[in-house]
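Listed here are the chains, written in short residue letters.
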Amino acid sequence: MKGWKRKRGQAMLERRLPVGVLRWVGATGLAAGALGLTLLAAGVVLALGGYSPLRAGTALVSGALGSPDAFLSVTLVRAVPLVLTGLAVSLAFRAGVWNIGAEGQLYAGALLGAAVGLVSPGLPAPLHLPVLLLAAGLGGALWAAVPALLKTKLGVGEVVTTLVLNFVALNLTSWAVRGPLQENRGIFPQSDQVAEAARLAPLWEGTRLHWGFPVAVAVAVLLWWVLKYTPVGFRLRAVGAAPNAARVAGRIRVKPLTLGTFLVSGMVAGLAGGVEVAGVTYALYEGLSPGHGYTAIAVALLARLNPLGVIISGTLFGGLEGGAGAMQRDVGIPAAWVRVIQAFVILSALAIERWVRARPHSVFVHPPSAPGGAP
């Protein structure tokens, strides 16, 4: 009797609320639950470590959101590479490609972008920035092409190859900034600064936020549209869900699609490196990335591989990284503790989603399909 009443109530809810609203409510509940669990777990761990959870939380929020300048110049600036690399990982994972190499692809993009930016002073000024960003995307795609070809031609698993290539890219960058691309004085392991025309202008004067943020948002919207409304996006999602069924029943050419997805994923990650060079550092540094390519995996998973969700999760992780400095400065908590909080965010989201998925009759977990079969 109770089960019948519950199903009847859910049916009435389905008729009264649009599918999009049901999905939004479910996603919001997941995020709220994950945030609540994160705050609880982080507070307990900080207290056990001898720190005041209240002071730590206040410093974290203040460092990330305490002022317009903190939000614009710290949180959003740090979010840009996380959003782009998160999009790269999200796109690959949606196609069933386990690209763990966004870090290496970011470095490859930064290396080629900086090299092109430094050796092309004869270009007209309006072309400097587009050429740098295009070179960065090409660098990421070329770096992704190695594991992509190994996977599609030889059947080599991409997890190990992409992971190993991360360290190769890091050491290649270290060699470049100590060798052919080292600054003219030959003192520091970095390149000279790129030309003014090859830099991303500030989005708002007086802040460090640059035009790379709108670029990241535009890439997210484009990928979302492609995945949801185009035949290529449908085939990509089909291959990610069931590659054998897609090949047999859907007559989809899995290997070319996998290769193309891998290259586009690497291109987006490489673009993140170019944006960092053109918008933040203005030069190629040893240790340019503090691990954006690895954090991107958490960003993508927290967003449930939704490109639009990556904007939100990337901004969240950007705020955590931005608030780390305030925690260290004001409360004396090592910045590495933010990594612990990031881990709690992921674990909490996974726990909440696991619990929700265990309730198969919930309309918020499996809402009715949208017209046309849209995801």
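Further up the page is the structure itself.
Cut-offs used in this document
Residues numbered from 1 in each chain as written. Predicted model: local features only at pLDDT ≥ 70, side-chain atom pairs only at ≥ 80, totals over all residues. Heavy atoms only, no water. Patch = residues over 30% accessible without salt bridge, like charges linked within 9 Å, V, L, I, M, F, W, Y side chains within 5 Å. Areas by Shrake-Rupley, 256 points an atom, 1.4 Å probe, with all protein chains shown as cover. Salt bridge = Lys/Arg side-chain N within 4 Å of Asp/Glu carboxyl O. Helix = DSSP H or I, 4+ residues; strand = E, 2+ residues; numbered from the N terminus. 1 Å grid on protein atoms, 1.4 Å probe; cavity = no way out; pocket = protein on both sides within 12 Å on 5 of 7 lines; lining within 4 Å. Points joined across faces, edges and corners; volume = space filled by probe spheres on them. Nonpolar A, V, L, I, M, F, W, Y, C, P; charged D, E, K, R; others polar. Buried < 20%, exposed > 50% of the residue type's maximum accessible area, 1.4 Å probe, protein only. Axes fitted to C-alpha atoms, helices over the stretch in contact; angles between N-to-C directions. Parallel < 35°, antiparallel > 145°, perpendicular 65-115°, else oblique. Left-handed = near helix turned anticlockwise from the far one by under 90°. Contact = heavy atoms within 4.5 Å. Expected span 1.5 Å × (residues − 1).

Caption draft 1: Representation of a nonpolar patch on the surface in the model. There is a patch of nonpolar side chains on the surface, built from W98, V159, V160, V164 and V168 and spanning about 440 Å² of accessible area. Checked against the element boundaries, W98 lands in the loop between α4 (68–94) and α5 (102–119).

Caption draft 2: Just the layout of surface pockets, in detail. Here the second largest pocket is characterised by a volume of approximately 370 Å³. Within the residue set of the lining of the second largest pocket, elements represented by two or more residues are α6 (125–154), α8 (212–229), α9 (231–241) and α11 (254–281). Element by element, the count of residues in the lining of the second largest pocket is highest for α11, at 8 residues. Residue composition of the lining of the second largest pocket, by class: 17 nonpolar, 3 polar and no charged.

Caption draft 3: Geometry of the pattern of salt bridges. Under the definition given, this model contains 5 salt bridges. With a shortest N-O distance of 3.2 Å, E196 and R199 are connected by a salt bridge. Judged by relative accessible area, which is 18%, R199 ranks as buried. Between R329 and D330 there is a salt bridge, and its shortest N-O distance comes to 3.5 Å. Relative accessible area serves as the criterion here: at 61%, R329 is assigned to the exposed category.

Caption draft 4: Local environment of the packing of α5 against helix α7 (residues 158–178). Interhelical geometry of α5 versus α7 gives an angle of 25° and a closest axis separation of 7 Å. Classified by the angle between their axes, α5 and α7 sit roughly parallel to one another. Along this stretch, α5 crosses α7, giving a crossing that reads as left-handed. Contact with α5, carried on its side by A102, E103, G104, Y107 and L111, involves L165, N166, A169, L170, L172, T173 and A176 of α7 and no other residues of that element.

Caption draft 5: Layout of α7. Taking 1.5 Å of rise per residue, 21 residues should cover 30 Å, and α7 covers 30 Å from first to last C-alpha, within 8% of that figure. Turning to α7, its buried residues number three or more, namely E158, T161, T162, L165, N166, A169, T173, S174, A176 and V177. Buried residues along α7 sit in contact with α5, α6, α11 and α12 (292–302).

Caption draft 6: Highlighting the environment of P147. Tracing the sequence through the fold places P147 in helix α6. Classification of P147 as buried rests on a relative accessible area of 1%. Sequence-wise, P147 and L263 are 116 residues apart; in three dimensions their C-alpha atoms are separated by 9.8 Å.

As far as function goes, none of this settles anything; it's purely spatial.
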